[in-house]
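Residues per chain are reported as follows:
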Amino acid sequence: MPEGDTVFRAARLLDRSLSGRVLVRTDFRVPQHATTDLSGGSVRATVSRGKHLLTRIEHPTGRWTLHTHLKMEGAWRVLDSGARWPRPAHQARVVLDVGPRHAVGFSLGIVELLPTADEDSVVGHLGPDLLGPDWDEDEALRRLHEDDAREVGDALRDQTRLAGLGNMYVAELCFVSGVHPRVPVGEVRDLPRMVRRGRQMLDLNKERAVQSTTGDLRERRRTWVYRQDHAPCRRCGTRVEVDVQGPAGRERAIYFCPSCQPEPAGPGRP
């Protein structure tokens with residue numbers, strides 16, 4: 001699933017390409033909005049909220065927000081009129097045409113139209129946004145500490161605690177912090193520093209399409225442990241391991257170096 005920095009870049013692309021322009025055609029290719037026509041409306045802005053995108057449109061019928069989520073395979077592309085689409089047409093879920101160019105949302109996991117005044121109904125549950133203008137570290141830490149027994153990797157991925165971190169950043173953040181993803185939140189020695197590092201990672205990568213947490217942009221050198229299972233740890237040489245974490249049906253892979261990130265003691269563990 002795309003991380004917060006990827007969604008931030010998508011919002012910036014849509015905002016720069018569409019905001020202040022009048023829609024000459026809209027095409028919502030989802031059953032609940034198939035007959036909706038917002039042509040004649042003016043695009044006011046597109047903003048990201050964690051992993052959610054909010055495109056605000058002022059139309060004679062009212063102020064509307066197009067709420068989209070990329071989920072696993074979604075992407076927004078902005079193309080010149082007449083340009084060939086980079087994906088098959090059957091994957092398109094939304095088309096917003098402003099004349100000289102149009103934005104196409106492919107394989108979007110969520111497509112909803114709602115009154116702008118009701119945006120809180122779809123993003124109000126989210127924790128503080130690591131890349132948002134209203135980032136609140138104290139509130140994020142308060143939410144994380146609401147369950148000090150929860151494994152930190154699972155807690156950091158929870159968008160209701162803080163919004164923007166996905167599987168890749170959580171794996172990398174735990175590694176550079178020397179914390180095993182199964183350590184309980186309440187046992188993390190310096191959680192504020194860990195959260196600040198997570199925000200720094202997102203902030204550094206929001207300006208580039210190729211994500212790297214190591215500073216190296218070469219293939220297979222961009223991450224410390226994420227998808228490096230069975231490879232030697234770049235810090236100590238121990239083989240990187242992979243496991244799963246999270247409730248049944250919503251498990252996520254966790255990557256870690258057993259030497260740099262000792263597993264916490266517990267039932268069944270030495």
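Calculation notes
Residue numbering note: each chain is counted from 1, following its sequence as written. For a predicted model such as this one, the threshold for reporting local features is a pLDDT of at least 70, and the threshold for listing and counting side-chain atom pairs is 80 or more; totals across whole chains, interfaces and linings nevertheless cover every residue. Each side-chain value is worked out from all heavy atoms of the structure, with water and hydrogens disregarded. Within this scheme a cavity is a closed region of a 1 Å grid, computed over the protein atoms alone, that accommodates a 1.4 Å probe without allowing it to escape, whereas a pocket is open but has protein on both sides within 12 Å along at least five of seven lines; lining residues each have an atom within 4 Å of a point. Grid points are joined across faces, edges and corners, and a volume is the space filled by probe spheres set on the points. Just so you know the grouping, Ala, Val, Leu, Ile, Met, Phe, Trp, Tyr, Cys and Pro go in nonpolar, Asp, Glu, Lys and Arg go in charged, and all remaining residues, Gly too, go in polar. Here the axes come from fitting lines to C-alpha atoms, over the contacting stretch only for helices, and the angles between their N-to-C directions go from 0 to 180 degrees. Each helix is a run of DSSP H or I of at least 4 residues and each strand a run of E of at least 2, with the numbering of both proceeding from the N terminus. The labels follow the angle: roughly parallel below 35 degrees, roughly antiparallel above 145, roughly perpendicular from 65 to 115, and oblique for the rest. What makes a crossing left-handed is the near helix being turned counterclockwise from the far one by less than a right angle; a clockwise turn instead makes it right-handed. By definition in these notes, contact holds between two residues if any of their heavy atoms fall within 4.5 Å.

K.L.:
Is there a simple way to explain the layout of surface pockets in this structure?
P.N.:
Rolling a probe over the atoms, with the probe sized like a water molecule, indicates the empty space that remains. Roughly 330 Å³ of volume is contained in the second largest pocket. What lines the second largest pocket is a set of 14 residues, among which Ser-177, Gly-178, Val-179, Val-188 and Arg-189 lie closest to the centre. Among the residues making up the lining of the second largest pocket, the classes are represented as six nonpolar, three polar and five charged.

K.L.:
What's the story with the packing of helix H3 (residues 137-144) against helix H6 (residues 191-205) in this structure? I'm lost.
P.N.:
Angle between the axes and distance between the axes are the two parameters that describe a pair of packed helices. Relative to each other, H3 and H6 sit at 120°, their axes nearing to 11 Å. Judged on the interaxial angle alone, H6 and H3 are oblique. Here H3 runs over H6; the crossing is right-handed. Contacts from Glu-137, Leu-141 and Leu-144 of H3 reach H6 at Leu-191, Pro-192, Val-195 and Arg-196. Looking at side-chain class alone, the contact of H3 with H6 contains five nonpolar, no polar and two charged residues.

K.L.:
What is the right way to read the side chain of Glu-119 from this model?
P.N.:
Summarising the element assignment, Glu-119 is placed in the loop between strand E8 (110-115) and helix H2 (120-123). Ignoring anything within four residues of it in the chain, the contact list for Glu-119 reads Leu-54, Arg-56, Thr-65, Leu-114 and Gly-124.

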